[in-house]
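# Structural features, examined
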Amino acid sequence: EKLLSRLETYKTKTLVILNKIDLVPKEQLLGLAQRFSKPWVDQIFMISALKNNRISDIKSYWEKELPSGPWLFPEDQLS
């Protein structure tokens, strides 16, 4: 609840990423997602990073939403 009240003050698009969905029962997961469903939350992603489950959804979102720009690091350097 404390985190939710702080997020509301930023007045910007907010993404919620719920990780480890493979460890949480679906009923509990849906309840968590509903708690984060607020007017300032643009998108809620439910992922399992370890199992690479639904990571492509986040990548697709960022491809659409983030502006193109120059490389900030050499192309072969991981950042």
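Relevant structure appears above.
In this report, the structure presented in the accompanying data block is examined. (Residues numbered from 1 in each chain as written. Predicted model: local features only at pLDDT ≥ 70, side-chain atom pairs only at ≥ 80, totals over all residues. Heavy atoms only, no water.)

### Some remarks on helix H3 (residues 55-65)
Burial in H3 covers these residues: Ile 55, Ile 58 and Tyr 61. Looking down the long axis of H3, one finds its buried residues gathered within 125 degrees of arc, a one-sided arrangement. Exposed residues pointing more than 90 degrees away from the buried face of H3 are listed as Lys 59, Glu 63 and Lys 64. Elements that come into contact with the buried residues of H3 comprise strand S1 (14-18) and strand S2 (41-46). (Buried < 20%, exposed > 50% of the residue type's maximum accessible area, 1.4 Å probe, protein only. Helix = DSSP H or I, 4+ residues; strand = E, 2+ residues; numbered from the N terminus. Arc of directions from axis to C-beta. Contact = heavy atoms within 4.5 Å.)

### With respect to the packing of aromatic side chains
In the structure shown here, the tally under the stated rule is one aromatic pair. Seen in terms of ring centroids, Phe 45 and Tyr 61 are 5.6 Å apart; in terms of plane orientation they differ by 75 degrees. Their pairing is edge-to-face. With a gap of 16 residues between them, Phe 45 in strand S2 and Tyr 61 in helix H3 connect regions that are remote in the sequence. The pair Phe 45 / Tyr 61 is uniform in exposure class, with both members buried. (Phe/Tyr/Trp six-rings, centres within 6.5 Å; stacked < 30°, edge-to-face > 60°.)

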